[in-house]
There are 2 protein chains.
Amino acid sequence: MPKQRIAIDMDEVMADSIARFQEWYGRDFQVELTLETLRGKSPYEAVAPEHQPSLRAYPNAEGFFRDLPVIQDSQRVIEELNRKYEVFIATAAMEFPNSFLDKYQWLQRHFPFLHWRNFVFCGDKSIINADYLIDDNAYNFDGFRGVGLLFDAPHNAHETGCRRVHSWQEVADILL
Amino acid sequence: MPKQRIAIDMDEVMADSIARFQEWYGRDFQVELTLETLRGKSPYEAVAPEHQPSLRAYPNAEGFFRDLPVIQDSQRVIEELNRKYEVFIATAAMEFPNSFLDKYQWLQRHFPFLHWRNFVFCGDKSIINADYLIDDNAYNFDGFRGVGLLFDAPHNAHETGCRRVHSWQEVADILL
């Protein structure tokens, strides 16, 4: 029997891009962007209107996706998942073309057990053919043919109507 | 009823990468790489063994995928397909990380009617969820859930067992 297939999003699921928003926002405006402020909001919605253009430019800037911290337990659990399932990494990189190489190199560095054949840089994730999708954006489950697992993140705090997982350990408990 | 979805490969289907192999090979070895020589073979298999390492390095080199000629009629037919279907571009870019930006910019330049949401850079195309896949490599139809159309190219001349299309006009005749 063929293995089931899991597609996994990168930002806020494997890579802590909020940490980069916090770092750069603090650097540019000397204001702390707290996780409490980010609850139920995108980073853009969480800051003063006059700061929004700067924040919107961050993900397009050179180096935004470089050396992002790894989300806790993701390496250990994804390595275990990779033995039992076919694991694909599906990231909406097309929105930020400057991110391509950084994302590719980040995956090779922190998840060396994954093959590049299983990396997918896309826009609309309805193109993904998999049995599970682990993602922090519920809209990515629209039109997805498999089971969506919403990975808990500050911005999706008020999202209801899909199954939420709070940690990689919880993903392991469900899928392993 | 939702539109059916067509996934389309880039190299040798939309973009003439053989032209670049011919150009660079002629430049480096003063030998013409003819389409007849390439029949049933990859470019690597078509040249003298001592030239193979150079040829294998070409697709990883800066600029290989930049400004590739557009395959005849692909713009006109894909624009028409894009009205009737959801069109996604699915290219195995992961093999050549230096190609990411060149491929992205080539698509934006030559196919401006396509949105980046519909670009997919992947490795293994079995991840693609679509009704049709137009591709010059028959192995990409393995595990594909839809209908594969093999786009005629010198290297696939001896491929049997899948439906072959010889031109974009023939694709139009079938799908429009």
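Residues numbered from 1 in each chain as written. Chains lettered and ligands numbered in written order. Predicted model: local features only at pLDDT ≥ 70, side-chain atom pairs only at ≥ 80, totals over all residues.

## Details of the overall build of chain A
So, step 1. Along its length, chain A carries five helices and six strands.
So, step 2. Going from N to C terminus, chain A has its helices and strands arranged as β-α-α-α-β-α-β-β-β-β-α.
So, step 3. What you see for chain A is a C-alpha radius of gyration of 16 Å, in line with the 16 Å of a compact globule of 176 residues.
So, step 4. On the principal axes, the C-alpha backbone points of chain A span a range of 55 × 35 × 25 Å.
So, step 5. Evaluated residue by residue, chain A yields a buried proportion of 37% over its 176 residues. (Helix = DSSP H or I, 4+ residues; strand = E, 2+ residues; numbered from the N terminus. Rg over C-alpha atoms; globule rule 2.2 N^0.38 Å. Buried ≥ 20, exposed ≤ 12 C-beta atoms within 10 Å, placed from the backbone.)

## A word on the pairing of strand S1 (residues 5-8) of chain A
Residue and element names in this part refer to chain A.
So, step 1. For S1 and strand S2 (residues 86-91), the ladder comprises four bridges, and the chain directions are parallel. Across the sheet, the residue bridging to Ala7 is Phe88, located in S2.
So, step 2. Bridge analysis of S1 against strand S4 (residues 132-135) gives three bridges, and the strand direction is parallel. Pairing of Ile8 across the sheet is with Ile134, part of S4. (Pairing = 2+ DSSP bridges.)

## Focus: the interface of chain B and chain A
Reports often express the size of an interface as the amount of accessible area lost when the parts come together.
So, step 1. Tallying the contact residues gives 21 residues for chain B and 20 residues for chain A.
So, step 2. Looking at the side of chain B that touches chain A, the elements with two or more residues in it are helix H4 (100-110) and strand S3 (119-121) of chain B. (Contact = placed C-beta atoms within 7 Å.)

## Notes on the packing of helix H3 (residues 74-84) of chain B against helix H5 (residues 168-175) of chain B
Residue and element names in this part refer to chain B.
So, step 1. Look at H3 against H5: their axes get within 9 Å of each other, and the N-to-C directions meet at 20°. With respect to their mutual orientation, H3 and H5 come out roughly parallel. Helix-helix and strand crossings are classified by hand; for H3 and H5 the assignment is left-handed. Judged by residue contacts, Ser74, Val77, Glu80 and Leu81 of H3 engage Trp168, Val171, Ala172 and Leu175 from H5.
So, step 2. Looking at the contact of H3 with H5 residue by residue, the class counts come to six nonpolar, one polar and one charged. (Axes fitted to C-alpha atoms, helices over the stretch in contact; angles between N-to-C directions. Parallel < 35°, antiparallel > 145°, perpendicular 65-115°, else oblique. Left-handed = near helix turned anticlockwise from the far one by under 90°. Nonpolar A, V, L, I, M, F, W, Y, C, P; charged D, E, K, R; others polar.)

## Points about the environment of Asp142(A)
So, step 1. With respect to the element layout, Asp142(A) can be found in the loop between S4 and strand S5 (147-151).
So, step 2. For the pair Asp142(A) and Asp124(A), spaced 18 residues apart in sequence, the C-alpha to C-alpha distance is 10.0 Å.

## Points about the relation of the copies chain B and chain A
So, step 1. Least-squares fitting of chain B to chain A yields an RMSD of 0.0 Å, with the superposition described by an axial translation of 0.0 Å and a rotation of 180°. The transformation relating the two chain copies, once decomposed into turn and shift, fits a two-fold axis.
So, step 2. Interface overlap between copies: 95% of the residues of chain B at the interface are likewise at the interface in chain A, consistent with a symmetric, same-surface contact. (Least-squares fit on C-alpha atoms with pLDDT ≥ 70 in both.)

## Description of the domain arrangement of chain A
All names here are of chain A.
So, step 1. Segmenting chain A into domains produces domain 1 (5-16 + 69-175) and domain 2 (17-60).
So, step 2. Look at where the C-alpha atoms of domain 1 and domain 2 centre, and you get two points 22 Å apart.
So, step 3. Each partner contributes to the interface: domain 1 provides 12 residues, whereas domain 2 provides 11 residues.
So, step 4. Considered class by class, the residues forming the side of domain 1 that touches domain 2 number five nonpolar, four polar and three charged. (Domains from an automatic or database assignment.)

## Structural notes on unusual backbone geometry
So, step 1. At Gln30(A), a residue that is not glycine, the phi angle is positive and equals roughly 55°.
So, step 2. With respect to the helices, strands and loops of the structure, Gln30(A) is situated in the loop between helix H1 (17-29) and helix H2 (52-57).

## Considering the environment of Glu80(B)
All names here are of chain B.
So, step 1. Residue placement: Glu80 occurs in helix H3.
So, step 2. For the pair Glu80 and Tyr58, spaced 22 residues apart in sequence, the C-alpha separation works out to 33 Å.
So, step 3. Glu80 has contacts with Ala172 and Leu176, leaving out every residue within four places of it along the chain.

## Concerning the nonpolar core
Taken as a class, soluble globular proteins show a tendency for nonpolar side chains to be buried jointly.
So, step 1. Of all hydrophobic cores here, the largest spans 82 residues; its most connected members are Ile8(A), Val120(A), Ile8(B) and Val120(B).
So, step 2. Ignoring anything within four residues of it in the chain, the contact list for Val120(B) reads Val120(A), Cys122(A), Ile127(A), Phe88(B), Ile89(B), Ala90(B) and Ile128(B). (Core = buried A, V, L, I, M, F, W, Y, C linked by C-beta atoms within 7 Å.)

## A short note on H3(B)
Residues and elements named next belong to chain B.
So, step 1. All buried positions along H3 are accounted for by Ser74, Val77, Ile78 and Leu81. Burial along H3 is one-sided: seen end-on, the buried residues are contained in an arc of 95°. Residues of H3 that are exposed and angled more than 90 degrees away from the buried face: Arg76 and Arg83.
So, step 2. Where H3 is buried, its residues meet strand S1 (5-8), strand S2 (86-91) and H5. (Arc of directions from axis to C-beta.)

## Considering the pairing of strand S4 (residues 132-135) of chain B
All names here are of chain B.
So, step 1. Along S4, one buried face is formed by Tyr132 and Ile134 and the opposite face, lined by Leu133 and Asp135, is buried too.
So, step 2. For S4 and strand S5 (residues 147-151), the ladder comprises four bridges, and the chain directions are parallel. For Asp135, the partnering residue across the bridge sits in S5 and is Leu150.

## Overview of helix H1 (residues 17-29) of chain B
Residues and elements named next belong to chain B.
So, step 1. For H1, built from 13 residues, the straight-helix expectation of 18 Å at 1.5 Å per residue is met to within 8% by its first-to-last C-alpha distance of 18 Å.
So, step 2. Those residues of H1 lying buried are Ser17, Arg20, Phe21 and Tyr25. Projected onto a plane normal to the axis of H1, the buried residues spread over an arc of 125° and lie on a single side. Residues Ala19, Gly26 and Arg27 are exposed on H1 and point more than 90 degrees away from its buried face.
So, step 3. Buried residues along H1 sit against helix H2 (52-57).
So, step 4. Gln30 sits one or two positions beyond H1 and adopts a positive phi of about 55°. (Expected span 1.5 Å × (residues − 1).)

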